Amino acid sequence: QVQLVESGGGLVQAGGSLRLSCAASGITFSDYSMNWYRQAPGKQREFVAGVSGGGMYANSVKDRFTISRDSAKNIVYLHMNSLTPDDTAVYYCNARNAYRTHWGQGTQVTVSS
């Protein structure tokens, strides 16, 4: 059974930082690109960052967010700095390859002004 379990969300003031974690089980971690998406209230889910070899970022988070993966622990992280209220959303972990896509349940990030 595939599980992607996110953690690390919460309430933070503007300008603050958070680190999200996604622990993966039931997949061969190295076979998947690992990604973070987010969905704000009333908006579509959007890509935030992804890592297979190098990292890829949405323009809105470039230079503020860093994605990394620990292949020994099967965990992918999203380090978020200089947070703004526009970053408020549910953040979802995603594992994807040519054959399968898996999603976590999401973790809420709320940035207060």
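Since this is a predicted model, take the numbers as computed values, not measurements. (Residues numbered from 1 in each chain as written. Predicted model: local features only at pLDDT ≥ 70, side-chain atom pairs only at ≥ 80, totals over all residues. Heavy atoms only, no water.)

S.K.: So what exactly am I meant to see when it comes to the state of the cysteines here?
M.R.: Linking two cysteines covalently via their sulfur atoms produces the bond known as a disulfide. Going through the model one piece at a time under the given rule, you end up with 1 disulfide. Disulfide partner of C22: C93, at an S-S distance of 2.1 Å. On the sign convention where negative means left-handed, the S-S torsion of about -80° between C22 and C93 marks this disulfide as left-handed. Of this pair, C22 sits in strand β3 (residues 18-25) while C93 sits in strand β9 (residues 89-96), and the two are 71 residues apart along the sequence. (Disulfide = S-S within 2.5 Å. Helix = DSSP H or I, 4+ residues; strand = E, 2+ residues; numbered from the N terminus.)

S.K.: Please clarify how the pairing of β9 should be interpreted in this entry.
M.R.: Each regular strand carries side chains that alternate between the two faces of the sheet. Within β9, 6 of the 8 residues are buried, which leaves the element mostly enclosed by the surrounding structure. Looking at chain direction, strand β4 (residues 33-39) and β9 are connected through 7 bridges and run antiparallel. Among the inter-strand pairings, R38 is bridged to a residue of β9, identified as Y91. Where β9 and strand β11 (residues 107-112) come together, 3 bridges link them in antiparallel fashion. Directly across from V90, in β11, lies its bridge partner Q108. Pairing geometry for β9 and strand β10 (residues 101-103), over 3 bridges, is antiparallel. Bridging across to β10, R96 finds its partner in T101. Hairpin connection of β9 to β10: 4 residues between the antiparallel strands. (Buried < 20%, exposed > 50% of the residue type's maximum accessible area, 1.4 Å probe, protein only. Pairing = 2+ DSSP bridges.)

By themselves, these observations are geometric and do not establish any function.
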